[in-house]
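# Working through the structure, step by step
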Amino acid sequence: MKILALSTYPVARPRHGGQKRVHALKALYQRLGADLHVAAVHDPSYAKEDVGPHDIVLGHGSATWADTPFMGDLQSGEFAANSPAAYRHFESLVRTLQPDAFTLEQPFMWPLIRRLKENGVAADVPVIYSSHNWEAPLKEAILIRAGVSRPKAKAIAAAIVALEQDAVDGADLVLTVSDSDLAIYRALAPGKLIAVAPNGVDLPSDAPGRSAILDPYEGRKFLFYVGSSYPPNIEGFVKLVCEDGFFFTPPLKSFAVCGGVCDQIFQSDAYQRFVHANSERVQFFPNTTDEDLDVLKAATHGVVLPIQFGGGSNLKTAEALVSEKWVVATPTAMRGFERFIGAAGVLIAETPDQFRAAMIQALRNPPLQLSGQDRAARRAVTWERAFREGGAEEVLRTFLASRTAGAAIGAL
Amino acid sequence: MKVYFDLSTSARWSGHAVGIVRVERELGRRVLPVLGDEGGYCLFLPREGGLRLLPAEAAAQIIAGELQIRFEDGGPAIPGAGQASLRRRIRNAILRRPKLYQAIQRLRGLSFSLEQIAEVRRIEADPDAQPAKGPIIRTIDDVAPERVPLGPDTLIVSAGLDWEYKDIRGLYRMKAKHGFQYAAVIYDLIPLIMPHYVVPAYVNLLRDYFGEVFWLADYCMSISACTQRDMYAHCERYGVPAPAADYFPLGGDLPTTLEDEEGELPHALQGKRYAIFVSTIEPRKNHRTLYQAWDRCIREGRVDPETCRLLFVGMGGWNTGDLRAEMAANPATRDTIVTMSNISDADLRRLYEGAEFSLFPSFYEGYGLPVAEALSYGKPCISSDAGSLPEIGGDLVTYVDPHNPLAWADAIVEAFDDRAEMARRANAIQAQFKAPTWDAAADIFFARLTALVQKHGAAP
């Protein structure tokens, strides 16, 4: 059985949350006896090794939102459906691959599926709409924060709601990441088959070797933050951690900030305000290898999750939980993991003062020692268990089996 | 334990020793008398991030304002140092003797009243003016070529403008390497707790300083119990292990020699009854509340505009332009609120002595020197109860909420009307208020610091 996943980013080398989710779903489909093939329209920033054989770069096909930031995902769907070259690429792929189902990763590539169906290229191919979060409010918030006018941001959000409605209506099965998203999609499409496939994480590798990357910390406790260059990741850290400077630690390296967030955090007014003091305390790792990232995660005293807005559930939260370290998180960061609020080693904070107090508390505490029960609870956030215990695995198994049976009957 | 008292601020200063420079010099001059062989002096040299040993003789010259140190090679001349021309110095000297100036001008065919001469002085006065004999300027390599021998038995004591002249993070690294101990005088934490009352350009500089100094310091000596409480609260809020701490009073010695005995009150105050408020005009000092209270008193006829005045003594500071424009334009206040600035110690003394009572409505203070000054002159004082202010005069001071102009109006009216009560208060102040001298303040400072070191001073 072959499934074609359509997305707005490649997943050959999963780094950010969306990529990791698709990667985990691919493993799930494999367990269920299906091969997942990914085809993406992506921005040109990805390296060669990030990109798969069916992926294409977003071209200039869509000028609809050319003057608006953060519109690559919507543009990708329009580009795939309306650019003659791009559409030919996907049409050819579908004719060659003959997928048994599409999985639409986030709603943005829906225009392509709609056209493929309308043109008879894939008229009867069932669609699994794999939501990563309820997109419209998040996009609206990001656009307004980026300086886009409210009417325009609202108009774009409305377009995304319409797109999601179309995608849900056209889908045979909807996967959501959380119970709260489940309620939203149920309201959109009463009676639709919907399952919750919570976000999860891979278990950390066992005892990664020591690396020179830890040298700045000289054996001291440090806190860890990783994130892509994505507005919620940057703004929350700037507001909740940087705003008053890092004076809550002595002027020694005591923070590891990793990933695409680094540049914009460093350049933020809040960080620059006390740049000399902050630089004594913060070590940025913008381009570290996965191996070194694992070393940092294994050695850190705690993980901070200063996320103030955004939809879906946060993969970084799952990673933080499974690391068995202290976790300092906002309630927003705990979305989808609400059961861990109040759990051992999880400190919840909402304001800059609360967040600083929680980081101080975490740093004052000895390394986290979890009970067997607490450790088991945290390890339940692996992808495999999340999909199984959330119910999505069984629903998918049944769904795919029915399609296989249907196809077999059709073949008779 | 060898104690090195840092004179890095005084070594740069030209002009009269006021504020923090005064504290550094007053404590500094008593280091050797109090500590004997255990005492010494040092300077922080930014270019090498290190501490230089300052010989006692040079320290004495710095404290006396006779020596100024150039810390960097080359560069621009130190502002104000020895710059005044001979003609200017002679003119200033004559201006300090108004009747002599008046006589000289008469010889030139010109006529000036004493009030006009006072105005000329105010206009021409340069806050950074040098003493007639300017300080000698020498380089640090010339004066202090040797480094301070640092070790666990070394204590560096700093009472200066460390946010301007020190690399606190550099000192933290140096301390980690050499293991010396560090004591800092803490004046107030207003930039942290009330940043809206601090000149914006300074807020981040001072937040940066306070963000580091409590990680560096083993001991903190605050200038009031209030400031010490603020320090503890800050340390708790930022997770900093609080340094061992105590506090000490500032000295309140009144000037003993006055240059201008022959002066008189300015014309606007002659024959008037007046209340005095000595402070830079800036939002935190809360001149607005007094202005509103006074305006109300005049408009309601509760204070006589013919005989009563409100006197503001102090430089115009930041963010008070609207207030000053209002005071000048308001018919009720333009002639009844008198403002003066750039006055000598002698003039200030004369103004205090002529006042019926003093006012101090500040929103927050780390100490509150004008309250101590007013009490030292035996004047009844009506003060805000914010911050450290109640520590100075205790029950001898009348306290009013700084946010309540109506209460200030009532207090001002009562003070002008009830002469018997004000006389009783003045008598009580004269009988009971004992401003600590700088000798006593320094004794307390070094005794309490020594006690802290003895109690907590294990090698860091």
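Residues numbered from 1 in each chain as written. Chains lettered and ligands numbered in written order. Predicted model: local features only at pLDDT ≥ 70, side-chain atom pairs only at ≥ 80, totals over all residues. Heavy atoms only, no water.

## Re the overall build of chain A
Along its length, chain A carries 17 helices and 13 strands. For chain A, the C-alpha radius of gyration of 22 Å lies close to 22 Å, the compact-globule estimate for 412 residues. With the C-alpha coordinates aligned to their principal axes, the bounding extent of chain A is approximately 70 × 50 × 40 Å. Across chain A, every contact between residues at least 6 apart in sequence was considered, and the portion connecting residues at least 24 apart equals 72%. Here chain A has roughly 16800 Å² of accessible surface; of this, 52% comes from carbon and sulfur atoms. Within chain A, one finds 41 positive and 45 negative side-chain charges whose respective centroids are separated by 2 Å. (Helix = DSSP H or I, 4+ residues; strand = E, 2+ residues; numbered from the N terminus. Rg over C-alpha atoms; globule rule 2.2 N^0.38 Å. Contact = heavy atoms within 4.5 Å. Areas by Shrake-Rupley, 256 points an atom, 1.4 Å probe, with all protein chains shown as cover. Lys, Arg positive; Asp, Glu negative; His and termini not counted. Charge placed at Lys NZ, Arg CZ, Asp CG, Glu CD.)

## Details of the side chain of A:Ser130
Residue and element names in this part refer to chain A. The topology assignment puts Ser-130 in strand β5 (residues 127-130). Using a relative accessible area of 0% as the deciding quantity, one classes Ser-130 as buried. Looking at Ser-130, its side chain comes within polar contact range of the side chain of Glu-105, at 2.8 Å. Every residue in contact with Ser-130, bar those within four places of it in the chain, is listed here: Arg-21, Leu-25, Thr-103, Leu-104, Glu-105, Gln-106 and Leu-175. (Buried < 20%, exposed > 50% of the residue type's maximum accessible area, 1.4 Å probe, protein only. Polar contact = N/O pair within 3.5 Å; in protein donor to acceptor, adjacent residues only side chain to side chain.)

## Focus on the domain arrangement of chain A
Residue and element names in this part refer to chain A. Assigned domains within chain A: domain 1 (2-200 + 385-410) and domain 2 (212-381). If you average the C-alpha positions of domain 1 and of domain 2, the two centres end up 30 Å apart. Listed by partner, the interface residues are 21 residues for domain 1 and 22 residues for domain 2. Note on domain 1 versus domain 2: buried area summed over both sides is about 1600 Å², and carbon and sulfur give 58% of it. Of all residues in domain 1, Leu-138, Arg-145 and Asn-199 give up the largest surface area on contact with domain 2, accounting jointly for 32% of the area buried on that side. For the interface between domain 1 and domain 2, the tally reads three salt bridges. (Domains from an automatic or database assignment. Buried area = accessible area lost by both parts, 1.4 Å probe. Salt bridge = Lys/Arg side-chain N within 4 Å of Asp/Glu carboxyl O.)

## A closer look at the domain arrangement of chain B
Residue and element names in this part refer to chain B. Assigned domains of chain B: these are domain 1 (2-251 + 440-456) and domain 2 (258-435). The partner domain 2 presents 24 residues to the 30 residues of domain 1 that form the contact. Roughly 2200 Å² of surface becomes buried between domain 1 and domain 2 when both sides are summed, with 59% attributable to carbon and sulfur atoms. Viewed at the interface, domain 2 and domain 1 are joined by zero salt bridges. Where domain 1 packs against domain 2, one counts five residue pairs in polar contact (both at pLDDT 80 or more). Listed by contribution, the elements that provide at least two residues to the side of domain 1 that touches domain 2 are α5 (98-107), α6 (114-124), α10 (190-193) and α12 (225-237). By residue number, the principal contributor to the side of domain 1 that touches domain 2 is α12, which donates five residues. A per-class count over the side of domain 1 that touches domain 2 returns 17 nonpolar, four polar and nine charged. (Nonpolar A, V, L, I, M, F, W, Y, C, P; charged D, E, K, R; others polar.)

## A few points about empty space enclosed by the protein
Over the atoms, a rolling probe the size of a water molecule traces out where space has been left empty. Residues and elements named next belong to chain A. Taken as a whole and assessed by the stated rule, the structure comprises four cavities of 30 Å³ or more. The space that makes up the second largest cavity amounts to roughly 90 Å³. Every residue lining the second largest cavity is counted, 13 residues in all, and those nearest its centre are Phe-224, Val-303, Lys-316, Glu-319 and Ala-320. The set of elements that each furnish at least two residues to the lining of the second largest cavity consists of β8 (223-226), β11 (302-305) and α13 (315-322). Here the lining of the second largest cavity is composed, by residue class, of seven nonpolar, two polar and four charged. (1 Å grid on protein atoms, 1.4 Å probe; cavity = no way out; pocket = protein on both sides within 12 Å on 5 of 7 lines; lining within 4 Å. Points joined across faces, edges and corners; volume = space filled by probe spheres on them.)

## Description of the state of the cysteines
By the definition in use, this model includes zero disulfides over all chains. Among the cysteines around A:Cys262, which has no disulfide bond, A:Cys258 carries the closest sulfur, lying 6.3 Å off. Unpaired in this structure, B:Cys226 has its nearest cysteine sulfur neighbour in B:Cys235, at a distance of 15 Å. Residue classification places B:Cys226 among the buried residues on the basis of a relative accessible area of 3%. (Disulfide = S-S within 2.5 Å.)

## Some points on the packing of aromatic side chains
Here the distance between the centres and the angle between the planes together describe a pair of aromatic rings. Residues and elements named next belong to chain A. Applying the stated criterion to the full structure yields 26 aromatic pairs over all chains. Geometrically, the ring pair formed by Phe-237 and Phe-255 is edge-to-face, given 5.8 Å between the ring centres and 80° between the ring planes. Of this pair, Phe-237 sits in helix α8 (residues 231-242) while Phe-255 sits in strand β9 (residues 255-258), and the two are 18 residues apart along the sequence. With relative accessibility at 0%, the residue Phe-237 sits in the buried group. (Phe/Tyr/Trp six-rings, centres within 6.5 Å; stacked < 30°, edge-to-face > 60°.)

## Re the pairing of strand β3 (residues 50-54) of chain B
Residue and element names in this part refer to chain B. Taking burial as the measure, the five residues of β3 include four buried ones, the bulk of the element. Bridge count between strand β2 (residues 39-45) and β3: five bridges; the pairing is antiparallel. Counted as the bridge partner of Phe-44 is Leu-51 from β3. What sits between β2 and β3 in their antiparallel hairpin is a turn of four residues, with Gly-49 showing a positive phi close to 60°. (Pairing = 2+ DSSP bridges.)

## Re the packing of helix α3 (residues 84-97) of chain A against helix α4 (residues 110-118) of chain A
Each packed pair of helices is defined by two parameters, the angle between the axes and the distance between the axes. All names here are of chain A. Running from N to C, α3 and α4 point in directions that differ by 60°, and their axes come no closer than 11 Å. Overall, the two elements α3 and α4 adopt an arrangement that is oblique. For the element pair α3 and α4, the recorded crossing hand is right-handed. Packed against α3, whose contacting residues are Tyr-87, Phe-90, Glu-91 and Val-94, the element α4 presents Leu-112, Arg-115 and Leu-116 at the interface. (Axes fitted to C-alpha atoms, helices over the stretch in contact; angles between N-to-C directions. Parallel < 35°, antiparallel > 145°, perpendicular 65-115°, else oblique. Left-handed = near helix turned anticlockwise from the far one by under 90°.)

## Side note on the pattern of salt bridges
Tallied over the full model, the rule gives 52 salt bridges over all chains. Between B:Glu365 and B:Lys285 there is a salt bridge whose closest N-O contact spans 2.8 Å. Here B:Glu365, found in the loop between β13 (357-360) and α16 (369-376), pairs with B:Lys285, found in the loop between β10 (273-278) and α13 (287-299); they are 80 residues apart in sequence, far enough to count as distant. With relative accessibility at 11%, the residue B:Lys285 sits in the buried group. Taken together, the shared-partner salt bridges connect A:Asp244, A:Asp353, A:Arg356, B:Arg207 and B:Arg237 into one network.

## Considering the pairing of strand β12 (residues 326-329) of chain A
Residue and element names in this part refer to chain A. The two faces of β12 match: Trp-326 and Val-328 on one face and Val-327 and Ala-329 on the other face are all buried. Of the strand pairs in this sheet, β12 and strand β13 (residues 346-348) are connected by three bridges, and their pairing is parallel. Looking at the pairing, Ala-329 lines up with Ile-348 of β13.

## Considering the interface of chain B and chain A
The interface is formed by 14 residues belonging to chain B together with 18 residues belonging to chain A. For the pair chain B and chain A, the two sides together bury roughly 1400 Å², of which 52% comes from carbon and sulfur. Where A:Asp353 meets B:Arg237, a salt bridge forms, and the shortest distance between an N and an O atom there is 3.1 Å. At the boundary of chain B and chain A, one finds seven residue pairs in polar contact (both at pLDDT 80 or more). Of all the secondary-structure elements, those providing two or more residues to the side of chain B that touches chain A are α9 (168-178), α11 (200-216) and α12 of chain B. With six residues, α11(B) is the largest single contributor of residues to the side of chain B that touches chain A.

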